[in-house]
Amino acid sequence: MLDPPVPDGLLSTLSGVANPAWVAPVEGRFVSYGPAGASVHLSPFMLGLSPEGDYLTADEVLRERVIRVVRRDGSTSRVPFGQETYDPTYTNGQAATATWGVIQSVHPDGRGGLVAIDYTYQCLRRLSWPDMVSTTIAGMPPDAVPEATPSSRDGLGSEARFTRINACAVGRDGTIYVAEGGSYSEAEAGAGFRVRKVSPGGQVTTLAGSKQGFADGKSAEASFEALSGIAADDNGYVYVSDSWNDAIRQISPDGTVTTLTGSTAESRNPADGAGTEAKVVRPGALTIGPEGDVYLMQGWDGTLRKME
């Protein structure tokens, strides 16, 4: 097997045009698809990969939910998957009739389709690829009105509930891992601040966490605060950005949580180093590199950091 390429740190633009004043606006929005140097990304709010390995971004175009496929040469094409809605409920089905709230994340599901977070309706939805038929995996079903008080209820499919899903990742075996940001209001106390595990069949269980805080331990003994990123490796270990605790945490397959790097020391000065000698500030999105290293975006200063 060939060794994976090692990035040299060179940053370049693959697709998109900055300040595209030359593109005619349509109802105040810019719309353009095509070659790398002519494509305009309006407000891309997630990034993922298609089953074929092309980059995917989601755009909002005239209230239409659109997946933009960005190929390796930078050219783009447009794949609609539904309409924006502000109704209390949403609709699954074909792209022409399906309705969606805000899309928080999208990933290949390991079965030839895509998994997406619908943040508005706090559910996980599946998109078939490339025909883009939507179904609900787990969380609030299409015909249910959102509950007045959010909860983090385990269960099968529509029986389960999530609270402020911020990110998800898909494991090698198709298991979906979900990071809940949690709620800070007294009325919603105890909801969220958990890492949830969703089987390919939609069975939702809590892998770790039970309340707001900062503690290592097994399953419910552990606590998190403002989970904002999540990744899973090929061995079933999960890594999360515990943003407000300024820490990267690891969760073993049995739910044991360990703090790998960072600390809650009152400092806003990022620092490299090992373990708690290192300082991460407001870590965000995470991914696992080809050699098993963890890469994270640091929200405090917009830097990309690597943890070996």
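Not measured: the values here are computed from a predicted model.

**What to know about the overall build of the chain**
Thought 1: Helix and strand counts for the chain stand at 0 helices and 24 strands.
Thought 2: For the chain, the proportion of its 308 residues judged to be buried stands at 48%.
Thought 3: Pairs at least 24 apart in sequence give 40% of the contacts found in the chain among residues at least 6 apart.
Thought 4: Of the roughly 14,600 Å² that the chain leaves accessible, carbon and sulfur atoms contribute 53%.

**With respect to the nonpolar core**
Thought 1: Counting residues in hydrophobic clusters, the biggest one holds 16 residues, and the most contacted among them are Val195, Phe224, Ile230, Val238, Val240 and Ile251.
Thought 2: Those elements giving two or more residues to this core turn out to be strand 13 (165-170), strand 14 (176-180), strand 16 (203-208), strand 18 (227-232) and strand 19 (238-242).
Thought 3: Sort the elements by how many residues they give to this core and strand 18 lands first, with 3 residues.
Thought 4: Once residues within four sequence positions are removed from consideration, Ile230 is found in contact with Ala167, Cys168, Ala169, Tyr177, Val178, Ala179, Val195, Val238, Tyr239, Val240 and Leu286.

**Details of the pattern of salt bridges**
Thought 1: With the rule as written, the count across this model stands at 7 salt bridges.
Thought 2: With its nearest N and O atoms 2.9 Å apart, the salt bridge here joins Arg126 to Asp109. Of this pair, Arg126 sits in strand 10 (residues 123-127) while Asp109 sits in the loop between strand 8 (103-108) and strand 9 (114-118); the two residues are 17 residues apart in sequence, bridging distant segments of the chain.
Thought 3: Note on Asp109: relative accessible area 3%, which makes it buried.

**Let's talk about the sheet that holds strand 10**
Thought 1: Spatially, 4 strands are ordered 8-9-10-11 in an open sheet, and the strand pairing comes out antiparallel. Both outer strands of the open sheet, strand 8 and strand 11 (134-139), are each paired with one neighbouring strand and no more. Across the sheet, the mean angle separating the axes of adjacent strands is 25° when strand polarity is ignored.
Thought 2: Sheet analysis places strand 8 next to strand 9, joined by 5 bridges and oriented antiparallel. Bridge pairing in strand 9 places Ser105 opposite Ile117.

**Regarding the pairing of strand 15 (residues 195-198)**
Thought 1: Relative to strand 15, strand 14 is paired through 4 bridges, and the arrangement is antiparallel. Within strand 15, the residue paired with Tyr177 across the bridge is Lys197.
Thought 2: Alignment of strand 15 against strand 16, held across 4 bridges, turns out to be antiparallel. Across the sheet, Lys197 pairs through a bridge with Thr205, a residue of strand 16.
Thought 3: Counting the residues that bridge the hairpin from strand 15 to strand 16 gives 4 residues, and of these Gly202 lies at a positive phi of roughly 95°.

**A closer look at the sheet that holds strand 24 (residues 303-307)**
Thought 1: Taking strand neighbours across the sheet as the criterion, the 3 strands line up as 22-23-24 in an open arrangement whose pairing is antiparallel. Looking along the sheet, the strands with just one partner apiece sit at the ends: strand 22 (283-288) and strand 24. Each neighbouring strand pair of the sheet contributes to a mean axis angle of 25°, computed without reference to strand direction.
Thought 2: As defined by bridge partners, strand 22 adjoins strand 23 (residues 294-298) across 4 bridges and the pair is classed as antiparallel. In the sheet register, Thr287 faces strand 23, and the bridge partner there is Tyr295.

How each quantity is defined
Here the residue numbering is sequential within each chain, running from 1 through the sequence in written order. Since the coordinates come from a predicted model, pLDDT governs what is reported: local features require at least 70, and pairs of side-chain atoms require 80 or more to be given and counted, while whole-chain, interface and lining totals use all residues. The side-chain values count all of the structure's non-hydrogen atoms but skip hydrogen atoms and water molecules. The secondary structure listing takes helices from DSSP runs of H or I that are at least 4 residues long and strands from runs of E that are at least 2 residues long, numbered from the N terminus. Exposure is judged per residue with a 1.4 Å probe applied to protein chains only, and the accessible area is read against the type maximum: over 50% gives exposed, under 20% gives buried, and values in between give partly exposed. Only heavy atoms matter for contacts: two residues are in contact if any of them lie within 4.5 Å across the pair. Areas reported here follow the Shrake-Rupley algorithm with a probe of radius 1.4 Å; residue values treat only the protein chains shown as occluding. For our purposes a nonpolar core is just a set of buried Ala, Val, Leu, Ile, Met, Phe, Trp, Tyr and Cys residues, chained together by side-chain atoms within 4.5 Å. Each salt bridge in this description consists of a side-chain nitrogen of Lys or Arg and a carboxyl oxygen of Asp or Glu lying within 4 Å of one another. DSSP-based pairing: two strands are paired if at least 2 bridges between them are found. What counts as an axis is a line fitted to C-alpha atoms, over the stretch in contact for a helix, and the angles between N-to-C directions run from 0 to 180 degrees.

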